[in-house]
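So the chains spell out like this:
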Amino acid sequence: MNILDKIIADKHKELALKKQVVPVSQLENSALFDRETFSLVKRLRNSESGIIAEHKRRSPSKSVINQNLNIADVASGYEKAGVSGMSVLTDGKYFGGSLEDLLYAKASVNLPLLRKEFIIEEYQLLEAKAHGANVILLIAAVLEREQIKQLSEFAKSLNLEVLLEVHNEEELQKSMMPSLDMLGVNNRNLKTFEVSTDISKELSEKIPSEFVKVSESGISSIETIKDLKNYGYKGFLIGENFMKTNDPGKAAGDFIQKLKNE
């Protein structure tokens, strides 16, 4: 089993337990369920920087990144920095996140929030809506085309935007459909964990213009973003580069300012 297979196997077990304790009706009746949502798509289309800043405590590839920070402080710092949106990892076992992180971020800022999670069931979309998310992530590597269709259409019915993540052309071709808003290319090879933005460049011309293009992973320099903008990318997901510092908000602010000045 590779790491992705392990994560998904654990996710099935987690969901079976969760559904015994928290029924769908409880999620649908939550205070946040009927709130107005913020559009990440609009922010990215109109943003100079296109930065989606991530809150991530640890990862399978890097172990601990930063476990000392309060998520409300990180979220407020990101908002002050002028990011287009914020990604919140909610997986517990492998990334040290939780749905509470999403809730605290929602309480702290007026940013479009992406629930970064390994989504395999509609129940997780209801969780996302109930905890303040505006956007959900679907990962083509772990879903069949029919699942992507079902989940993305259900997300749209909840007024949630959909970012679909691909790692190669095969995943891209099986995934494209009208119920997606953004197509994200992950620059990290899931088998080797090596990172290269070449895959973002390679797939850029194969992504239709109606989808907002997002490049994910391994982005740490102004030059990389300027380069990727030439390929039509509007969004840039950056986590580790900010989170490994003592003040992610300041790191994001300095980065965005530098990007605007060049």
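This section reports on the structure supplied with the text. Note that the structure is predicted; figures quoted are calculated from it, not measured.

Focus: the pattern of salt bridges
Where side chains of opposite charge bring their charged atoms close, a pairing between them can arise. Tallying each qualifying case throughout the model produces 16 salt bridges. With a shortest N-O distance of 2.7 Å, Asp181 and Lys156 are connected by a salt bridge. In this pair, Asp181 sits in the loop between helix H8 (169–175) and strand S8 (182–186) while Lys156 sits in helix H7 (residues 145–157), placing the two residues 25 residues apart along the sequence. On the basis of relative accessibility, which here comes to 16%, the residue Asp181 falls in the buried class. With a closest N to O distance of 2.6 Å, Lys201 and Asp227 form a salt bridge. One end of the pair, Lys201, is in helix H9 (residues 198–204); the other, Asp227, is in helix H10 (residues 222–229), with 26 residues separating them in the sequence. Look at Asp227 and you get partly exposed, because its relative accessible area is 27%. Residues joined in a network through salt bridges with shared partners are Lys11, Glu14, Lys18, Asp91, Arg115, Glu117 and Glu127.

Some points on the side chain of Thr197
Locating Thr197 in the fold gives a position in the loop between S8 and H9. Under the relative-accessibility criterion, Thr197 is labelled buried at 16%.

Details of the packing of helix H4 (residues 71–81) against helix H5 (residues 99–108)
Axis separation between H4 and H5 bottoms out at 9 Å; the angle between their running directions is 45 degrees. With respect to H5, the element H4 is oriented oblique. Two packed elements cross with a definite hand, and for H4 against H5 that hand is right-handed. Here H4 contributes Ile71, Ala72, Ala75, Ser76 and Glu79 to the contact with H5, which in turn contributes Asp101, Tyr104, Ala105 and Ser108. Of the residues in the contact of H4 with H5, the class split is five nonpolar, two polar and two charged.

Cut-offs used in this document
- What you see as residue numbers is a count from 1 along each chain, following the sequence as written.
- In keeping with the predicted nature of the model, local features appear solely for residues at pLDDT of at least 70, side-chain atom pairs appear and are counted solely at 80 or more, and the whole-chain, interface and lining totals rest on all residues.
- Processing note: side-chain calculations cover all non-hydrogen atoms of the structure and skip hydrogens and water entirely.
- Here a salt bridge means any side-chain nitrogen of Lys or Arg lying within 4 Å of a carboxyl oxygen belonging to Asp or Glu.
- Runs of E in the DSSP output that reach at least two residues are strands. Runs of H or I that reach at least four are helices, and both are numbered from the N terminus.
- Partly exposed residues are those whose accessible area sits between 20% and 50% of the maximum for their type, while under 20% is buried and over 50% is exposed, using a 1.4 Å probe and protein chains only.
- Helix axes are fitted to C-alpha atoms over the stretch in contact, other axes to C-alpha atoms as well, and angles between N-to-C directions run from 0 to 180 degrees.
- By definition in this entry, angles of less than 35 degrees are roughly parallel, angles greater than 145 are roughly antiparallel, angles of 65 to 115 are roughly perpendicular, and the rest are oblique.
- Here a crossing is called left-handed whenever its near helix is offset anticlockwise from the far helix by less than a right angle, and right-handed whenever the offset is clockwise.
- Only heavy atoms matter for contacts: two residues are in contact if any of them lie within 4.5 Å across the pair.
- Residues are grouped as follows: Ala, Val, Leu, Ile, Met, Phe, Trp, Tyr, Cys and Pro are nonpolar; Asp, Glu, Lys and Arg are charged; all remaining types, including Gly, are polar.

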